Amino acid sequence: MIHKLPIYVSGEIVRGFGRGSKELGIPTANFSLDVVKSLPESLQTGVYYGWAKAYVNDRGKADQSLALAKLVNNHFIPHCDKQFNNMLSSNNVSTSQQQKQQHVRIEGHDQQVVASSPMPSAATLSIAESKELTGLTHECGVFGAIACGDWPTQIDIAHVICLGLVALQHRGQESAGIATSEGKCSKNFNVHKGMGMISTLFNDDSMKKLRGNLGIGHTRYSTAGASEVVNCQPFVVHTAHGAMALAHNGELVNNESLRREVLGRGVGLSTHSDSELIAQSLCCTPEGVSEHDGPNWPARIRHFMMFAPLSYSLVIMLKDKIYAVRDTYGNRPLCIGKIVPINSGHAGNSTVTPADGWVVSSESCGFLSIGARYEREVEPGEIVELTRKGYRTVDIVERPDFKRMAFCIFEYVYFARSDSIFEGQMVYSVRLECGRQLWREAPVDADIVSSVPESGTAAAHGYARESNLEFAEVLCRNRYVGRTFIQPSTRLRQLGVAKKFGALSENVAGKRLVLIDDSIVRGNTIGPIIKLLRDAGALEVHIRIASPPLQYPCYMGINIPTREELIANKLNAKQLARHVGADSLAYLSVAGLVQTVQRKHVASGKPTGHCTACLTGEYPGGLPDELSW
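Residues numbered from 1 in each chain as written. Predicted model: local features only at pLDDT ≥ 70, side-chain atom pairs only at ≥ 80, totals over all residues. Heavy atoms only, no water.

Keep this limit in mind: UniProt positions are given in the numbering used here, feature names are shortened, and annotations may be inferred rather than shown by experiment.
As recorded in an unreviewed UniProt entry, the protein goes by the name Amidophosphoribosyltransferase, listed as coming from Drosophila navojoa. Reading the Sequence similarities (unreviewed entry) entry of the UniProt record for the protein gives the comment "In the C-terminal section; belongs to the purine/pyrimidine phosphoribosyltransferase family." Quoted verbatim from the Catalytic activity (unreviewed entry) field of the UniProt record, the comment on the protein reads "5-phospho-beta-D-ribosylamine + L-glutamate + diphosphate = 5-phospho-alpha-D-ribose 1-diphosphate + L-glutamine + H2O".

1. Describing the overall build of the protein
Convention followed: Strands here are runs of E lasting at least two residues and helices are runs of H or I lasting at least four, both read from the DSSP assignment and numbered beginning at the N terminus. Every residue pair with non-hydrogen atoms within 4.5 Å of one another is taken to be in contact. The method behind every accessible area is Shrake-Rupley, applied with a 1.4 Å probe, and residues are considered shielded solely by the protein chains displayed.
Along the backbone of the protein there are 20 helices and 30 strands. A separation threshold of at least 6 residues defines the contact pool for the protein, and within that pool the share at least 24 residues apart is 69%. Carbon and sulfur atoms provide 51% of the accessible area of the protein, an area that totals close to 26100 Å².

2. Observations regarding helix H19 (residues 590-604)
Stated formally: One less than the residue count of a helix, multiplied by 1.5 Å, gives the span that helix is expected to have. Bend, at a single residue, is the angle you get between axes fitted to the 7 residues ending at that residue and the 7 residues starting at it. Type-normalised accessible area, obtained with a 1.4 Å probe on protein chains alone, sets the label of each residue: buried when under 20%, exposed when over 50%, and partly exposed for intermediate values.
With 15 residues, H19 should cover 21 Å at 1.5 Å per step; its first-to-last C-alpha distance of 22 Å lies within 8% of that length. Along H19, the largest kink reaches about 55° and is centred on Gln 598. Taken together, the buried positions of H19 are Gly 592, Leu 593, Thr 596, Val 597, Gln 598 and His 601. Summarising the contacts, the buried residues of H19 are in contact with helix H12 (410-415), strand E22 (425-426), helix H13 (427-441), strand E30 (610-611) and helix H20 (613-616). Looking one or two residues past H19, Gly 605 carries a phi angle of roughly 80°, positive in sign.

3. Considerations on the nonpolar core
Here is the rule we go by: Nine residue types can take part in a nonpolar core, namely buried Ala, Val, Leu, Ile, Met, Phe, Trp, Tyr and Cys, and a core is a set of them joined through side-chain atoms within 4.5 Å.
Residues Phe 143, Phe 202, Met 317 and Val 359 are the most contacted members of the largest nonpolar core, which totals 49 residues. The greatest single-element share of this core, amounting to 7 residues, is contributed by helix H6 (residues 157-167). Cys 434, Met 556, Ile 560 and Leu 588 belong to the second-largest nonpolar core, a separate cluster that totals 47 residues.

4. A few points about the pattern of salt bridges
Charged atoms that come close allow side chains of opposite charge to pair. Test applied: Here, a salt bridge means any Lys or Arg side-chain nitrogen found within 4 Å of an Asp or Glu carboxyl oxygen.
For the coordinates displayed, the defined rule picks out 21 salt bridges. For the salt bridge of Arg 302 with Asp 395, the shortest nitrogen-to-oxygen distance reads 2.7 Å. A residue pair is termed long-range when its members are at least 10 positions apart, and Arg 302 in helix H11 (residues 297-307) and Asp 395 in strand E19 (residues 390-396) qualify at 93 residues. Among the salt bridges present, the one from Glu 411 reaches Arg 332, with a minimum N-O distance of 3.7 Å. Pair noted here: Glu 411 is in helix H12 and Arg 332 is in the loop between strand E14 (322-326) and strand E15 (335-339), with a separation of 79 residues, a long-range link. We note that Glu 411, like Arg 332, is buried. One salt-bridge network, held together by shared partners, links Arg 171, Arg 332, Glu 363 and Glu 411.

5. So, the packing of aromatic side chains
Short version of the rule: Only centres within 6.5 Å qualify two rings of Phe, Tyr or Trp (six-membered ring in Trp) as a pair; their planes then separate them into stacked at under 30 degrees, edge-to-face at over 60, and tilted for everything else. A ring is considered to have a charge above it if a Lys NZ or an Arg CZ atom is located within 6 Å of its centre and within 35 degrees of its normal.
Scanning all chains against the criterion turns up 10 aromatic pairs. Between Trp 358 and Tyr 391 the ring centres are 4.9 Å apart and the planes differ by 75°, which places this aromatic pair in the edge-to-face class. Residue Trp 358 is located in strand E16 (residues 357-361), and its partner Tyr 391 is located in strand E19; the two are separated by 33 residues in the primary sequence. By relative accessible area, which is 9% here, Trp 358 ends up buried. Of the aromatic side chains, those joined through ring pairs into one cluster are Phe 407, Tyr 412 and Phe 422. Its guanidinium or amino end placed over the ring of Phe 235, Lys 193 lies 5.4 Å from that ring's centre, counting from NZ or CZ.

Given below as structure tokens:
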């Protein structure tokens, strides 16, 4: 969503301000396009070029800015293409010198930046532009760990965090980082972070340098701020009371007003990341708060939360403690786990087992692999303090009475790993129940039920059980083809999907089958799969989607494509079935999804609420340009 863009006209700056269109998410200037069209052609080109350049600088999404320039006025597509390609090929962006050192290594107390490779040319896809064919990209993952008892600890905290981040790798693959503290010195932390996957970033040498009794980690997909090393987390800032490290999952809906507030205090910002904004916001003492006896971090965190109600989950590390924070709406997940002795046995006994340490994580899926047991979620608005003595709630910030909790419902549908626990229920169980509900809403006469591996498998099992149809695998994934998003054109990308899967012809030939998937975004993936199954002998292919159609963008930490790219805004279910070559196609309804997710809470009487903005357009706090926080 673009709020205010400077407009450049052939090298001379014309200060106009645009406002994002609610329907299309496209900026329109204060002056009309008729005025722009009355300018000489070279000046018109400059206007569109300026719009595109400003969007790159502001949001770091070059592909969308080119589409923007084209959408504004088709007459100038050749000019925009030429100008924009020149801008990219020459790295002519305001942060070009930073971007030329995109792949760097940061480590040690001084966090020295070392260039390792230049920025790719325009012909090469950057990490931010590289997306799965589905078009949905995950958010970020945060993780923290602290040892109990005497320090130095026998627990290798850095390895615990690294394994925790590996379990969260599905939430972000662009960059990662770990910061640790030995609990003695407040001036410096041990830090290692950079671009790339966790397995390539952390080796024996880097892990040896991450000595500590507590630490936090982060794995990132950029939502606000470009995919550059300067935006890698955890962020470490030096305050009047020592170093502070912060890792953030989510996206601040009111980041513009918060940015103005921070800049208004004379604080400089080195990145476009929301996470740096949060860190700088926490560095100043709120008015009316006395800190004669030392910093009041809970008061600082509360002050920030009152100013920015959503969307974030945070882990904040100081010299000898960690704070876990979740926004008042509970939009992003965060949970607590207990590190138990190796011989403690079954997870059900963890309540009476002494703790060797505590962890906090975006998801619980990695707890068992690091010897931890799921304890509970961080509640919406809760500030939890973790020390060597344990954890405690230090404050709870309430949301307005008329607002409901708004946990992202797409965590259940798509993002979370199936063995994670949210709101007291395993994600796999919810997806299974979604498949059952899908059969109740959209039954079909068929011989077998199957899924697109592995995204739709749980829902497919639920659909099969409810319908009493046989579940059978019909697609075999080739794990060595490579990711489909690296193909340069839609046609080649679609062929890439066909290469990614093989059909189990003995299970398919002569059969009427129901194929279950978790979602359809752009609609590029499913067509080649249907053709593959028909070529293998399928008589009928019926598509069932275990979620409602995606129709709206997300401003709270999920990078959903623009409304123009979402296939559900172009074609209804019947039209889409014809478009992809299916015999029929049906979605799970919004009411069916909400009912499935909330069934346990309704039975227990526990208050709940979920964000369905990407499905219904009903945003928990309104659209970003309408917010008055």
